[in-house]
Structures are given as C-alpha cells and as structure tokens.
Amino acid sequence: MDKFVNQLKIAFASQYAFAIKAQNFHWNVEGPDFYQLHQLFDTIYTEVYGAVDAFAENIRKIKAYTPASLERFSALTAISDEVEVLESSAMIAELLADAEKMQEIMKHLFVQAENIGEHGLSNFLADRQDAFAKHAWFLRATAKA
Ligand SMILES: [Fe+2]
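Small disclaimer: the values here were computed from a predicted structure and weren't measured. (Residues numbered from 1 in each chain as written. Predicted model: local features only at pLDDT ≥ 70, side-chain atom pairs only at ≥ 80, totals over all residues. Heavy atoms only, no water.)

K.L.:
Any details on the overall build of the protein chain? Residues and values, ideally.
P.N.:
Summing up its helical and strand segments, the protein chain has six helices and zero strands in all. Along the protein chain, helices (α) and strands (β) appear in the sequence α-α-α-α-α-α when read from the amino end. For 145 residues, the compact-globule estimate of 2.2 N^0.38 gives 15 Å, and the C-alpha radius of gyration of the protein chain, at 15 Å, lies within 12% of that figure. Among the 145 residues that make up the protein chain, the fraction classed as buried is 43%. Across the protein chain, every contact between residues at least 6 apart in sequence was considered, and the portion connecting residues at least 24 apart equals 79%. Working note: accessible area of the protein chain is about 8000 Å², and carbon and sulfur atoms make up 53% of it. Where the 13 positive side-chain charges of the protein chain centre and where its 20 negative ones centre are 8 Å apart. (Helix = DSSP H or I, 4+ residues; strand = E, 2+ residues; numbered from the N terminus. Rg over C-alpha atoms; globule rule 2.2 N^0.38 Å. Buried < 20%, exposed > 50% of the residue type's maximum accessible area, 1.4 Å probe, protein only. Contact = heavy atoms within 4.5 Å. Areas by Shrake-Rupley, 256 points an atom, 1.4 Å probe, with all protein chains shown as cover. Lys, Arg positive; Asp, Glu negative; His and termini not counted. Charge placed at Lys NZ, Arg CZ, Asp CG, Glu CD.)

K.L.:
Explain the nonpolar core to me, and be specific about the residues and the numbers.
P.N.:
Membership of the largest hydrophobic core comes to 43 residues, with the highest contact counts inside it found for Leu8, Phe41, Phe55 and Leu139. Residue assignment for this core shows that the elements contributing at least two residues are helix H1 (2-28), helix H2 (34-49), helix H3 (52-61), helix H4 (70-76), helix H5 (88-115) and helix H6 (119-143). For this core, the element with the most residues is H1, which contributes 11 residues. In contact with leucine 8, other than residues within four places in its own chain, are Phe55, Ile59, Ile62, Leu109, Leu121 and Leu125. (Core = buried A, V, L, I, M, F, W, Y, C linked by side-chain atoms within 4.5 Å.)

K.L.:
Explain the packing of H2 against H5 to me, and be specific about the residues and the numbers.
P.N.:
Across the interface, H2 lies against H5 with an axial gap of 12 Å and an inter-helix angle of 20°. Regarding the angle of H2 to H5, the classification is roughly parallel. The handedness of the crossing between H2 and H5 is left-handed. On the side of H2, the interface is formed by Leu37, Phe41 and Ile44, while H5 contributes Ser88, Met91, Ile92 and Leu95. For the contact of H2 with H5, a count of residues per class yields six nonpolar, one polar and no charged. (Axes fitted to C-alpha atoms, helices over the stretch in contact; angles between N-to-C directions. Parallel < 35°, antiparallel > 145°, perpendicular 65-115°, else oblique. Left-handed = near helix turned anticlockwise from the far one by under 90°. Nonpolar A, V, L, I, M, F, W, Y, C, P; charged D, E, K, R; others polar.)

K.L.:
Describe the layout of surface pockets, naming the residues involved and giving the relevant values.
P.N.:
In this approach, a probe sized like a water molecule rolls over the atoms, and the result shows the empty space that is left. Taken as a whole, the largest pocket spans an internal volume of roughly 220 Å³. Considering each element in turn, the lining of the largest pocket owes the most residues, four residues, to H1. A per-class count over the lining of the largest pocket returns six nonpolar, three polar and three charged. (1 Å grid on protein atoms, 1.4 Å probe; cavity = no way out; pocket = protein on both sides within 12 Å on 5 of 7 lines; lining within 4 Å. Points joined across faces, edges and corners; volume = space filled by probe spheres on them.)

K.L.:
Let's hear about the environment of methionine 1: which residues, and what values?
P.N.:
Within the secondary structure, methionine 1 sits in the segment before H1. Expressed as a C-alpha distance, the spacing of methionine 1 and isoleucine 116, which sit 115 residues apart in the sequence, is 8.5 Å.

K.L.:
Can you lay out the packing of H1 against H5 for me, pointing to particular residues and giving the numbers?
P.N.:
One way to put it is that H1 packs onto H5 with a least axis distance of 10 Å and a crossing angle of 160°. Here H1 lies roughly antiparallel to H5, going by the angle between them. Where H1 crosses over H5, the two elements pack in a sense that is left-handed. On H5, the residues that touch Phe4, Gln7, Leu8, Ala11, Ser14, Gln15, Phe18, Lys21, Ala22, Phe25 and Asn28 of H1 are Met91, Glu94, Leu95, Asp98, Ala99, Met102, Ile105, Met106, His108, Leu109, Gln112 and Ala113. Classifying every residue of the contact of H1 with H5 by side-chain character gives 14 nonpolar, six polar and three charged.

Spelled out as structure tokens, the structure:
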C-alpha cells in the first residue's frame, strides 16, 4: 500500500508539472500557427488543472496526505520541467511525449487500484488515462506534416 500511495503522489505531482508545462507553452508559443497552438495548449492545461483538486482529494480518501508545494512537486514529478523557450514544433513533440507518459502512469496505477478494491479511485484513474489519450491525439494530429 505504501508503494502504491507513493506512486499515486508521483502521478499527482507529474500531472501538476504537465499542466504547468502546457501553460508555459500556451504563454510562450510563437510562429505562424500561434493562435491555433495558443488555443490548443489552453484547452489542454485547462482540462488538466480541472482534475487537480479531485486527484488531491482521491489521495486524501485513501488516508494519505497530498503533496502540495512546489518543492514536493519538483522532487516527485516524472515529467521534467522545461526552462527553455522552444520552437513550436519542439513544444508539440515534448508535450506529446509527456502526454503518452502520463497515459502509461495512469494505466499502471489503475491496475493497482483495482487490485486493492479501490474502485472509485480506479475509475478516476481510468478517466485520467482517457483524458491524456485525448491530449496525445490532439498533439499527434497537430504534429503530423
Ligand atoms: Fe491564457
């Protein structure tokens, strides 16, 4: 159970880091497709931020405390920070790889939540997997030449 809780905290911190990166790209993207990409990154970070509170509360429901500081998020996240301002195509490629990684994290945790009978939590994790699958699809379709 402790290992599962720790992995859940990693997933939560990773989701937060993913949202920050999508918002970073929303703010800093440039180029001929500026407006379309500005809107795409907005759609993505808004959806992900929208699931932050429910994720934190799901951690509390299984009697663990939720990480809730930049220092803890930074220590736990599996999604690397982006400190450079990238070309738009590199932003899309990086966020796509991150969205695929998030899908894998949620898929893995879903199985573990099912195994311990936490069906409300596994249902939530399935929804997060599906949301990241949709973000990955949008990014993949945008990246296509
Ligand atoms: Fe905005």
